[in-house]
Amino acid sequence: MRPMIFVSLSFALTAVSATALLDRNLAYSSPFVGFPELARDTKAIEARHIEHAKRSMIGAEGFSDEAYPTFYGSDFSNSHFIWNGGINFTHRVASGDPFDTSVLLWTRAFPINGTPDQSVPVCVSFQIFDNPSLKGKPIDSGEAFTSWDVDFTVKFEATGLKADTSYWYQFADCTSPSTKSVIGTTRTIPSSNTPASQVNGGKPVTFAVFSCSQFQDGYFNAYGVATHNTSADFFLHLGDYYLTIDYSDSIGRQVPGRELATIQDYRARLALYRTDVGLLDAHQAHPWITDDHEVADQSWKAGTANSNDSASGCAFSPSGACFTDRKLAGVRAYHEWIPIRQVDVGDKLRIWRNFEFGKLLDLTMLDTRQYDRDITDLYYNTDINSIADFQNRSLMGAQQESWFYNTLSQSQARGAIWRVVGQQIVFTQLQEGASGFDVDAWDGYRANRNRVLDHIHDNKISNTLILSGDSHANWVSDLAHPNDTVTYNSVTGQGSLGVEFAGTAVTSTSAFGANIAPQAADVISTALITEPLNADLQWSEGSFRGFFTLTLNTSHASATYWAMRNVSAANLEAFASATFVVKAGDNKLSRPVAGGQVLAGVLKAQAEKATAASSAAGSASSAARSSAVSSETRSSISGSLSHNTAPSSLA
């Protein structure tokens with residue numbers, strides 16, 4: 001075993017280059033770059049370093065720190081020592097938030113053979129190449145410090161890259177360059193002015209779209225299938241990357257601990273989820289674009305289903321954490337563990353942002369969970385439906401809402417063909433039988449939804465595709481004002497303003513019932529899809545766990561839904577259950593929807609045809625029964641003259 005040593009950093013280097021070194025690890029400041037008042041006391045940290053220096057002085061000249069300051073601004077640039085006892089890249093590698101000239105690279109470098117004193121950082125280097133063999137000169141490289149302050153995570157921004165290009169990257173231990181991570185694959189997006197026909201080298205762009213992973217409910221096979229069995233270029237995650245609440249498990253994937261409340265709670269949960277092989281493969285193979293930093297169940301701007309900043313709201317956890325404490329802890333851990341950028345240095349909670357994929361599309365990512373959301377269904381406040389139509393009620397907050405409308409308009413004005421909107425919850429109106437509307441979705445913010453549809457309609461914005469998650473079931477719909485049967489025709493799609501593709505969960509239990517069989521789920525889907533108030537809904541499926549891919553080119557978009565056959569064990573067993581097409585300029589699902597055939601779930605056209613046939617058959621049967629009754633009655637009347645008995649069919 002290699003001995004544990006602390007390596008001293010020369011004072012000459014720490015004065016300048018070490019500051020740059022710490023600034024390069026984005027985990028240190030994200031998302032509080034613009035809030036120095038929330039920073040850790042760097043003078044105290046320096047004093048801590050000096051005190052440790054009195055105990056250990058071993059030279060380590062030649063290293064530099066280009067890392068990013070911590071979430072609270074912790075700065076290790078003046079550290080006199082670095083760890084030289086060995087590290088393990090415990091959670092492989094990841095990349096995310098690609099731009100046309102840069103991308104974020106992530107890893108976790110956990111010390112082995114014990115852990116260093118809190119004042120001693122770990123030094124990690126990275127290199128990024130334009131070839132999978134990592135030959136030649138790296139396109140970018142650097143070193144960064146990490147420490148217990150950020151759970152030993154490292155987040156670099158690799159810069160100087162070419163647009164619309166694939167890259168390969170690797171991390172190493174600065175003090176032992178032979179200790180390397182696995183090689184990760186990533187890519188940049190095209191520059192905003194790239195002609196649509198030239199984006200991705202003239203090939204279609206494909207996104208794999210996910211939501212709602214729950215460790216106890218199953219293995220994350222959807223990530224593995226998307227990685228190994230599809231040609232996806234980018235991975236999108238639309239909320240519930242991990243779950244903060246605990247349920248019992250039935251397949252041996254127990255989640256230790258309690259409902260999340262503290263920074264250590266959130267870190268431990270993220271670390272556990274990132275041990276799933278499917279998720280590890282997916283992060284290693286593709287750049288991710290994520291949204292909805294996870295905090296708690298049914299969260300809104302001032303609380304959650306079981307916590308807020310009141311005395312009782314702070315008592316939900318043995319930790320005594322109030323909602324604000326919990327929110328800061330959850331956001332901090334999310335930025336440590338996920339390769340996501342801090343969008344605005346002056347707005348620590350903002351993750352809503354836009355990606356321009358040349359003139360082919362704009363990908364607009366919203367935050368419909370954490371950012372200034374008005375109160376939602378907290379399970380006990382069942383009157384939310386009564387305020388869902390209030391005009392001043394917002395799902396996104398006024399600032400984000402205004403930005404969203406401007407972004408849609410600017411996308412159309414700059415000549416992008418498609419507008420793809422990534423957000424967390426079902427947009428289309430869904431009357432769910434006796435239970436009514438899901439007021440935690442857009443059905444609880446109906447005036448806000450109408451404002452979105454009004455903006456699309458009034459400004460003649462075309463080719464809008466809304467992507468959704470959260471519901472643990474699959475839904476595909478035309479986009480129209482709810483209950484509009486005058487300008488929208490559900491049979492032809494005429495009058496539609498766009499299309500919504502809503503995906504099921506990676507593993508979280510179906511909204512139709514735990515482990516519900518396809519046949520039983522189809523009964524529920526049939527009732528939902530033939531409900532008059534659900535005119536926009538064209539396909540429903542509630543049995544299978546999975547994901548969908550969205551592929552776009554200049555002429556059409558297609559969404560293919562993937563169903564996992566089994567999530568109780570790690571495997572790649574899946575099938576494509578349905579494919580939907582939207583032609584550019586049509587603003588509706590192409591008819592016949594899904595080509596008129598799906599391998600799972602229920603299409604509206606099929607359900608309505610079956611209902612009509614059943615109704616016709618029922619009418620024919622009723623007529624036959626009526627005719628039979630009349631015949632029997634006539635015979636009985638004739639016979640009754642002698643038998644005086646009622647016919648059995650009338651008894």
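Refer to the preceding data block for the structure.
1. A look at the sheet that holds strand E14 (residues 353-357)
So, point 1. Strand order in this open sheet of eight strands is E14-E15-E16-E17-E19-E18-E20-E24, and the pairing throughout is mixed. Two strands close off the open sheet at either side, each with one partner strand: E14 and strand E24 (602-603).
So, point 2. The pairing of strand E16 (residues 418-422) with strand E17 (residues 464-468) spans four bridges and is classified as parallel. Paired with Gly-422 across the two strands is Leu-467, which belongs to E17.
So, point 3. Contacts between helix H10 (residues 518-529) and the sheet are confined to strand E18 (474-479), strand E20 (537-541) and E24, with E20 contributing the most and set at about 165 degrees to the helix.

2. A few points about the sheet that holds strand E23 (residues 574-583)
So, point 1. What the nine strands build is an open sheet, ordered E7-E4-E3-E13-E12-E11-E21-E22-E23; its pairing is mixed. With one partner strand each, in any of the chains shown, strand E7 (153-158) and E23 form the two edges of the open sheet. Across the sheet, the mean angle separating the axes of adjacent strands is 30 degrees when strand polarity is ignored.
So, point 2. In the sheet, strand E21 (residues 546-552) pairs with strand E22 (residues 556-564) via seven bridges, with the strands oriented antiparallel. Among the inter-strand pairings, Phe-547 is bridged to a residue of E22, identified as Trp-562.

3. Section: the packing of helix H8 (residues 398-413) against helix H9 (residues 446-458)
So, point 1. Taken N-terminus to C-terminus, the directions of H8 and H9 make an angle of 20 degrees; their axes are 10 Å apart at the nearest point. In terms of axis orientation, H8 runs roughly parallel to H9. As for the relative orientation of H8 and H9, their crossing is right-handed in sense. Every residue of H9 that contacts H8 at Glu-401, Phe-404, Tyr-405, Leu-408 and Ser-409 is listed here: Asn-448, Arg-451, Val-452, His-455 and Ile-456.
So, point 2. Partitioning the contact of H8 with H9 into residue classes produces five nonpolar, three polar and two charged.

4. Brief notes about the side chain of Asn-448
So, point 1. Along the chain, the position of Asn-448 falls in helix H9.
So, point 2. The class for Asn-448 is buried, based on a relative accessible area of 0%.
So, point 3. Among the polar contacts listed, one links the side chain of Asn-448 to the backbone nitrogen of Leu-395, at a separation of 2.7 Å.
So, point 4. One polar contact links Asn-448 to Glu-401, side chain to side chain, over a distance of 3.5 Å.

5. Considering the packing of aromatic side chains
Geometrically, a pair of aromatic rings is defined through the distance of the ring centres and the angle of the planes.
So, point 1. Applying the stated criterion across every chain yields a total of 33 aromatic pairs.
So, point 2. Taking the centre distance of 5.4 Å and the plane angle of 75 degrees together, the rings of Phe-110 and Phe-152 count as edge-to-face. Of this pair, Phe-110 sits in strand E4 (residues 103-111) while Phe-152 sits in the loop between strand E6 (140-146) and E7, placing them 42 residues apart in sequence.
So, point 3. For Phe-110, a relative accessible area of 29% translates into the label partly exposed.
So, point 4. With a centroid separation of 4.9 Å and 20 degrees between ring planes, the pair formed by Phe-548 and Tyr-561 is classed as stacked. Here the residue Phe-548 occupies a position in strand E21, and Tyr-561 occupies one in strand E22, the gap between them amounting to 13 residues. Summarising the burial analysis for this pair, Phe-548 and Tyr-561 share the class buried.
So, point 5. An aromatic cluster is present here, built from Phe-210, Phe-215, Phe-220, Tyr-223, Phe-235, Tyr-241, Tyr-242, Tyr-273, Trp-288, Phe-547 and Trp-562 joined pairwise through their rings.
So, point 6. Taking the ring centre of Trp-403 as reference, the NZ or CZ of Arg-350 above it sits at 5.5 Å.
So, point 7. Lying across the ring of Tyr-445, Arg-393 places its NZ or CZ 4.1 Å from the centre.

6. Here we look at the environment of Tyr-379
So, point 1. For Tyr-379, the position within the fold is in the loop between strand E15 (361-365) and H8.
So, point 2. Between the C-alpha atom of Tyr-379 and that of Asn-306, which follows or precedes it by 73 residues, the distance is 9.4 Å.
So, point 3. When residues no more than four places from it in sequence are discounted, the contact partners of Tyr-379 are Asp-297, Gln-298 and Ala-305.
So, point 4. Polar contacts involving the side chain of Tyr-379 include one to the side chain of Asp-297, which spans 2.7 Å.

What counts and how
- Residues numbered from 1 in each chain as written.
- Predicted model: local features only at pLDDT ≥ 70, side-chain atom pairs only at ≥ 80, totals over all residues.
- Heavy atoms only, no water.
- Pairing = 2+ DSSP bridges.
- Helix = DSSP H or I, 4+ residues; strand = E, 2+ residues; numbered from the N terminus.
- Contact = heavy atoms within 4.5 Å.
- Axes fitted to C-alpha atoms, helices over the stretch in contact; angles between N-to-C directions.
- Parallel < 35°, antiparallel > 145°, perpendicular 65-115°, else oblique.
- Left-handed = near helix turned anticlockwise from the far one by under 90°.
- Nonpolar A, V, L, I, M, F, W, Y, C, P; charged D, E, K, R; others polar.
- Buried < 20%, exposed > 50% of the residue type's maximum accessible area, 1.4 Å probe, protein only.
- Polar contact = N/O pair within 3.5 Å; in protein donor to acceptor, adjacent residues only side chain to side chain.
- Phe/Tyr/Trp six-rings, centres within 6.5 Å; stacked < 30°, edge-to-face > 60°.
- Lys NZ or Arg CZ within 6 Å of the ring centre and 35° of its normal.

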